[in-house]
Amino acid sequence: MCRIRFFLMCSLLGASLLLPVDYYNESDLPTRREYSMDAFTISNITRGSNKLWVHFSCLWCISFYALFLLHKEYKEILVIRLQQMKELRHRADQFTVLVRQVPLCPEHNTRGCAVDHFFSKHHRFSYHSHQMLYDGRDLEYLLGKQKKLKKELEDKRHTEILSNGSQEHKQISTSEEKLREITHMIYHLQSETMLREKELPVAFVTFKSRRNAALAAQTQQHSNPLELITEMAPEPRDVSWRNLAIPQKILPLNKIGVILAAALLTIFFAIPVTAVQGIAKYEKLKKWFPPAMAIEFIPGLSSVVTGYLPSAILKGFMYIIPFAMLGLAYLGGSISNSKEEIKACNMVFYFLMGNVFFLSLISGSLLDEIGEYLTHPRDIPSHLAAAVSAQAEFFMTYILTDGLSGFSLEILQLGLILFDIIRSYTYGRGKERTPYLFSFPYFRVIPTVSLSIMIGMIYAVVAPLMLPFLVGYFCLGYIVYFNQMEDVYETTYDTCGRFWPFIHHYIFVSIILMQITMVGLFGLKSKPSAAIATVPLILITIAYNEYCKIRFLPSFKHFPIQTAVEIDEEDEKNGEMETHYVDAATAYNRHQPCLERVSSAESPTNLSQPLLGTDSI
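Residues numbered from 1 in each chain as written. Predicted model: local features only at pLDDT ≥ 70, side-chain atom pairs only at ≥ 80, totals over all residues. Heavy atoms only, no water.

Points about the pairing of strand β2 (residues 127-134)
- Along β2, six of the eight residues are buried, which leaves the element largely enclosed by surrounding structure.
- Of the strand pairs in this sheet, β2 and strand β3 (residues 199-207) are connected by six bridges, and their pairing is antiparallel. Note that in β3 the partner of H130 across the bridge is V205. (Buried < 20%, exposed > 50% of the residue type's maximum accessible area, 1.4 Å probe, protein only. Helix = DSSP H or I, 4+ residues; strand = E, 2+ residues; numbered from the N terminus. Pairing = 2+ DSSP bridges.)

Concerning the nonpolar core
- Counting residues in each nonpolar core, the largest one holds 99 residues, and the members touching the most others are F7, F357, M454, I455, M457 and Y459.
- Examining the composition of this core, we find that 14 residues originate from one element, helix α20 (residues 500-524), more than from any other.
- Among all residues touching F7, those that are not within four sequence positions of it are I453, G456, M457, L467, L470, V471 and F474.
- Of all hydrophobic cores here, the second largest spans 41 residues; its members include C105, A213, L228 and L595. (Core = buried A, V, L, I, M, F, W, Y, C linked by side-chain atoms within 4.5 Å. Contact = heavy atoms within 4.5 Å.)

Details of a nonpolar patch on the surface
- A cluster of nonpolar side chains, L409, L412, L414, I417, L418, I421, I422 and Y425, forms an exposed patch at the surface whose accessible area comes to about 780 Å².
- Within the residue set of the nonpolar patch, elements represented by two or more residues are α16 (392-412) and α17 (414-425).
- Top contributing element to the nonpolar patch by residue count: α17, with six residues.
- One can find L418 in helix α17. (Patch = residues over 30% accessible without salt bridge, like charges linked within 9 Å, V, L, I, M, F, W, Y side chains within 5 Å. Areas by Shrake-Rupley, 256 points an atom, 1.4 Å probe, with all protein chains shown as cover. Salt bridge = Lys/Arg side-chain N within 4 Å of Asp/Glu carboxyl O.)

Side note on helix α24 (residues 577-591)
- The end-to-end C-alpha distance of α24, which contains 15 residues, comes to 22 Å, matching closely the 21 Å that a straight helix rising 1.5 Å per residue would cover.
- At A585, α24 shows its maximal kink, close to 30°.
- Every buried residue of α24 is listed here: M577, H580, Y581, A584, A585, A587 and Y588. (Expected span 1.5 Å × (residues − 1). Bend = angle between axes of the 7 residues up to and from the residue.)

Some points on the pattern of salt bridges
- This structure, assessed with the given rule, holds 18 salt bridges.
- A salt bridge links K198 to D138; its shortest N-O distance comes to 2.9 Å. Taken as a pair, K198 in the loop between α6 (192-197) and β3 and D138 in helix α4 (residues 137-163) lie far apart in primary sequence, 60 residues in all.
- Among the residues examined, D138 registers a relative accessible area of 29% and is labelled partly exposed.
- Between D583 and R590 there is a salt bridge, with the nearest N and O atoms lying 3.4 Å from each other.
- Looking at D583, the relative accessible area reads 36%, which means it is partly exposed.
- Overall, R590 belongs to the partly exposed group, its relative accessible area being 49%.

Spelled out as structure tokens, the structure:
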């Protein structure tokens with residue numbers, strides 16, 4: 001809602017001050033086009049005109065209002081986050097610490113023993129228990145094979161009832177024998193002795209209070225900082241089990257590889273983006289593709305091809321990028337699904353900022369422009385300002401395209417409909433349909449909306465005519481995504497607002513870009529005094545961002561001890577403390593894929609009892 005209020009205020013300011021100043025002014029352009037977008041932008045202002053001080057004043061007003069709203073929302077979201085943590089006091093992650101790089105016990109040569117000895121000694125009164133992580137790839141394979149055999153056995157029994165044939169009875173007996181063997185193997189591999197051999201240097205340590213868990217997570221445990229590395233555990237359903245199995249020493253290489261892959265994808269994607277921008281400029285389109293001159297003979301087609309078509313093509317390209325970045329984030333070794341999505345958000349945002357915004361601004365030869373920026377870095381603000389002013393129409397069309405087509409596709413869920421049709425006619429043909437729900441695609445929605453915020457902020461002073469469209473865009477988006485989160489998407493994990501600091505950072509980058517652009521525009525308009533007077537505004541914005549990092553960010557990264565103690569006192573008052581930490585002691589084993597329990601009730605009725613029970617696990 002703060003974005004709607006911000007752009008609504010900017011729209012009122014633009015309509016009452018900036019638009020009249022921009023339009024009723026003798027431009028220094030060779031030919032003033034009365035019905036062109038340029039007549040309503042800062043491009044229409046004469047060089048050296050004192051009317052530029054109106055834009056300067058609006059820039060300061062908009063910047064301070066944006067900072068005020070950011071501070072207000074940061075504070076409100078922090079309060080909501082702490083309140084949410086109190087309401088979710090039953091969650092296992094509030095009592096649990098993730099411990100990585102667990103050494104071997106010198107006496108028993110096991111890692112679980114080392115965890116128990118260390119925390120029993122150094123956290124004697126607060127340590128409760130631990131749960132080790134196991135290399136369960138073979139177990140996961142057997143569990144998957146068992147489920148597949150059970151499904152086949154059910155189908156064969158159904159066929160036998162319909163046909164009453166002896167051949168089906170033999171096949172059922174064979175399948176039951178295979179299922180019995182696999183079940184026995186699973187019980188054997190899930191025994192305590194076998195699991196001890198598969199221990200990984202990762203453990204979930206449960207404490208008797210949230211306060212002690214928070215203290216253990218935020219302090220160095222071992223004299224060697226590379227051993228017994230602690231942090232608050234993600235909630236069980238948010239854990240990325242496969243990534244936890246990646247050795248700690250390999251993680252830096254994974255992260256470097258992901259950064260390089262994302263950078264290469266961003267660079268090579270410049271080719272289709274540049275081609276799309278060529279369509280937007282009709283003169284270049286005729287030069288590159290001479291048959292395009294034929295569209296001049298069809299009334300209105302030229303406007304569609306150079307106006308709407310580039311934005312639609314660009315939007316189509318952008319649809320696949322978030323999924324590619326999410327795959328790269330998965331390879332980065334994050335310990336939870338939420339952290340993977342946060343990394344994907346960062347990569348997608350900077351990808352969109354580089355390829356959709358900056359590349360769309362570059363005109364002419366891409367290599368020539370980049371070379372010009374590298375040889376004359378001081379001219380970057382003026383180049384950016386000139387490009388921003390020239391591309392106002394394209395970005396207005398982009399916002400309209402994103403609002404009309406993007407939100408429509410979000411409501412229709414066209415991708416899932418196509419997936420279901422393909423599945424029903426290919427590998428899922430003839431199978432019973434099961435309902436499937438997906439979590440909210442933060443990695444796709446947050447960067448896209450943040451890009452729209454960036455475009456709106458940069459053009460708030462340059463082209464205020466764009467702002468009413470952004471107000472409509474965010475109002476429509478609020479309605480659509482509120483409905484989707486309430487009635488369509490499933491909540492697979494709850495981070496208690498950990499995405500907000502990254503959204504705050506994206507908006508901060510947008511404000512800085514708006515101010516740098518205006519410095520360049522004041523320079524181009526021969527108003528150096530206004531350009532110099534804008535520099536303190538940039539410094540104030542940077543200082544404000546550093547203040548937010550100190551004031552708010554730590555409370556999003558850590559579990560505040562004060563909040564932990566308050567929740568503990570409430571639990572002790574209600575007599576629920578022991579119930580909660582005892583439940584936390586087994587929560588992660590219940591969700592660990594390789595420790596899925598196989599009871600005799602799940603097996604066919606004529607199966608014998610398994611060789612080993614699971615009481616020892």
